[in-house]
Amino acid sequence: MAVSWYAVAFLAATALGASIALSYMPYPLRTPSLDTNIKISRIMRHLIRVSNQQVFEKSACGRVWMTIHSPSIRTSGGGSLLDAIELNWDFSTCSNVPMQIGLFDNRPLSWNNAIAVFSIDSVEGFVITNVSLGEGKLPAGWNTGTGFKGPHCLWPWVGAGDSHIVAYNCLKIQPTWMEDNSDRINKLRIGELVIPGTHNAGAWRFDTEISTISRDSFVLCQDRSIWAQLVHGIRYFDFRIAYYDFYPREEDRYWLNHNLIRVRPLLPLLREIRAFLDSTKEVVFLDAHHFPLGFYHQNGAPIQEVHLGLLRLVQLELGPHIATASQFATGPGTRGPTLQTLVDADKRLLFSYVDNNIVAGNRWLWPILPHLWANTNSPSDLFHYLDRMIDISPLPSARSPLFSAMAQTTPTVLDILFLRGSLRENADSVNRNVTARLISRWRHNANIISSDFFLANDVIDVSIALSVERSNRL
């Protein structure tokens, strides 16, 4: 079983709440501090993650994990460091809090092998190291194609303890997490899962005739390819698709945009998804949620041929894997088919479409997937909104069995005009608290969690553990 059984036990131990004490950095937005009513004996009955005879995550109490800092940081020499590794901890349920935490390049066995060591001065918190993740090459054969099943560690590890290391974890990929935990989570309906997702998933690097840059302030929302997102464990993709009629071939006219800005052609990304589906038994949720250019007349009427051209392209590239709504949908107000139903039929791609007029004429499409979008640049307003909306979702009349919490802030026009901050800084102000909220306030009702720069939170591992936890209640 590839789920982190320790993580499940940790989540169970924090069922009534958790908070994040932000150490060493600004943006001290805290989640509500709730009574935990924890029994220590329950925490101690943890199980550890074992795959291919390797222990990935272990702790007698509490938890440590790793994230990647989304903004660049200034080094002492005046330079800029990208993708700095963050070490995170939560020992709020423990009678004894470790004194130190360290970064390692292999499973932590001794402090003598640490790359860097930091004091722990709070029960919860994080520290940003001056060590970069670097290229972030995907392990176990997944960098260039299909690799080995199960979770696998990238190079960095985190360890915590006093004289001895008592807790450790690694930064990992989860390429087959649904299959790895199929004997438990396959009985869940898709609306009962906790699904890690990415907002503006295709906006990870420019690939146009004039630009291939990979970092900017207000366009790019991710920093990993669609393939890498899938391999890390992302299963929901928010696509914003535009149409440009000046390309000779129809298949080249469809692009992933961020609003009006062209980022990447759609076709290669569909083929990355196809390659992943061909080689795994995972279920993927693709959401055509916005059409910023080329899909509508000035009066708002859909340009039928442009929409139908997109549907032809998706069917051509992903057709063998598409789970049609006409076959698998379960009606308004329901939670959809079980994972087992989709796996048994070998139809593991659900394509949601924002325009219900188009859906009405193409019954294989899944209806509009509600986005819980706060439309605010305030982290506190974002969390107040999501707390309220997740509590009441899905609505009884909802046509889709799924809903997505859009866990990112939105810059204002003035933010962009005056270059106030960046999407990376905005993500840094919310991502740690997204992890904390998912463990606590959103634990029982969240479905899809869509974030920017997903390696800056722990949503993937927490989502897997929560899905297993929910399956245990059935």
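Structure shown above.
Conventions and cut-offs
- Residues numbered from 1 in each chain as written.
- Predicted model: local features only at pLDDT ≥ 70, side-chain atom pairs only at ≥ 80, totals over all residues.
- Heavy atoms only, no water.
- Helix = DSSP H or I, 4+ residues; strand = E, 2+ residues; numbered from the N terminus.
- Buried < 20%, exposed > 50% of the residue type's maximum accessible area, 1.4 Å probe, protein only.
- Contact = heavy atoms within 4.5 Å.
- Areas by Shrake-Rupley, 256 points an atom, 1.4 Å probe, with all protein chains shown as cover.
- Polar contact = N/O pair within 3.5 Å; in protein donor to acceptor, adjacent residues only side chain to side chain.
- Axes fitted to C-alpha atoms, helices over the stretch in contact; angles between N-to-C directions.
- Parallel < 35°, antiparallel > 145°, perpendicular 65-115°, else oblique.
- Nonpolar A, V, L, I, M, F, W, Y, C, P; charged D, E, K, R; others polar.
- Pairing = 2+ DSSP bridges.
- Left-handed = near helix turned anticlockwise from the far one by under 90°.
- Patch = residues over 30% accessible without salt bridge, like charges linked within 9 Å, V, L, I, M, F, W, Y side chains within 5 Å.
- Salt bridge = Lys/Arg side-chain N within 4 Å of Asp/Glu carboxyl O.
- Disulfide = S-S within 2.5 Å.

Remarks on the overall build of the protein
- From N to C terminus, the protein includes 15 helices and 21 strands.
- Scored against the burial criterion, the 474 residues of the protein give a buried share of 61%.
- Restricting to contacts in the protein with at least 6 residues of sequence separation, those with at least 24 account for 73%.
- Total accessible area on the protein stands at roughly 18600 Å², and carbon and sulfur atoms take up 53% of it.

Re the side chain of His-152
- When you line up the elements, His-152 lands in strand 11 (residues 152–161).
- At 3.0 Å, the side chain of His-152 forms a polar contact with the backbone oxygen of Phe-148.

Some details on the packing of helix 14 (residues 431–439) against helix 15 (residues 459–472)
- Put simply, helix 14 and helix 15 touch, their axes get as near as 10 Å, and they point 5° apart. Judged on the interaxial angle alone, helix 15 and helix 14 are roughly parallel. The residues of helix 15 that touch helix 14, namely those facing Val-434, Thr-435, Leu-438 and Ile-439, are Val-459, Val-462, Ser-463 and Leu-466.
- A per-class count over the contact of helix 14 with helix 15 returns six nonpolar, two polar and no charged.

Digging into the sheet that holds strand 12 (residues 165–173)
- Spatially, five strands are ordered 3-12-11-8-9 in an open sheet, and the strand pairing comes out antiparallel. Among the strands making up the open sheet, the edge pair consists of strand 3 (58–59) and strand 9 (116–119).
- Sheet analysis places strand 8 (residues 100–104) next to strand 9, joined by four bridges and oriented antiparallel. Each bridged residue has a counterpart across the sheet, and for Leu-103 the counterpart in strand 9 is Ala-116.

Digging into unusual backbone geometry
- The peptide bond linking Ser-393 to Pro-394 adopts the cis configuration, its omega dihedral lying at -5°.
- Mapping Pro-394 onto the fold places it in the loop between helix 11 (379–392) and strand 20 (404–406).
- Look at Asp-83: it is not a glycine, yet its phi comes out positive at around 55°.
- As for its position among the elements, Asp-83 is in the loop between strand 6 (80–81) and strand 7 (84–90).
- The backbone of Leu-419 shows a phi angle near 50°, a positive value even though the residue is not glycine.

Concerning the packing of helix 6 (residues 266–279) against helix 7 (residues 304–318)
- One way to put it is that helix 6 packs onto helix 7 with a least axis distance of 9 Å and a crossing angle of 35°. Judged by the sense of rotation from one axis to the other, the crossing of helix 6 with helix 7 is right-handed. The segment helix 6 lies against helix 7, with Leu-266, Leu-267, Leu-270, Arg-271, Ile-273 and Arg-274 engaging Leu-310, Leu-313, Val-314, Leu-316, Glu-317 and Leu-318.
- Within the contact of helix 6 with helix 7, the residues separate by chemical class into nine nonpolar, no polar and three charged.

Topic: the side chain of Asn-431
- For Asn-431, the location among the structural elements is in helix 14.
- A relative accessible area of 1% places Asn-431 in the buried class.
- If we skip the residues at most four places from it in the chain, Asn-431 touches Ser-451, Asp-452, Phe-453, Ala-456 and Asn-457.

Brief notes about a nonpolar patch on the surface
- A contiguous nonpolar patch, built from Val-413, Leu-414, Leu-417 and Phe-418 and spanning about 450 Å² of accessible area, is present on the exposed surface.
- Position of Leu-414 among the secondary structure elements: in helix 12 (residues 413–417).
- Residue classification places Leu-414 among the partly exposed positions, given a relative accessible area of 45%.

Brief notes about the state of the cysteines
- In the structure shown here, the tally under the stated rule is two disulfides.
- Put simply, Cys-61 and Cys-94 are joined by a disulfide, and their sulfur atoms are 2.1 Å apart. Here the disulfide of Cys-61 and Cys-94 is left-handed, its torsion about the S-S bond being about -110°. Taken together, the residues span a long stretch of sequence, with Cys-61 in the loop between strand 3 and strand 4 (63–68) and Cys-94 in the loop between strand 7 and strand 8 at a distance of 33 residues. Across the pair, exposure class does not vary: Cys-61 and Cys-94 are buried alike.

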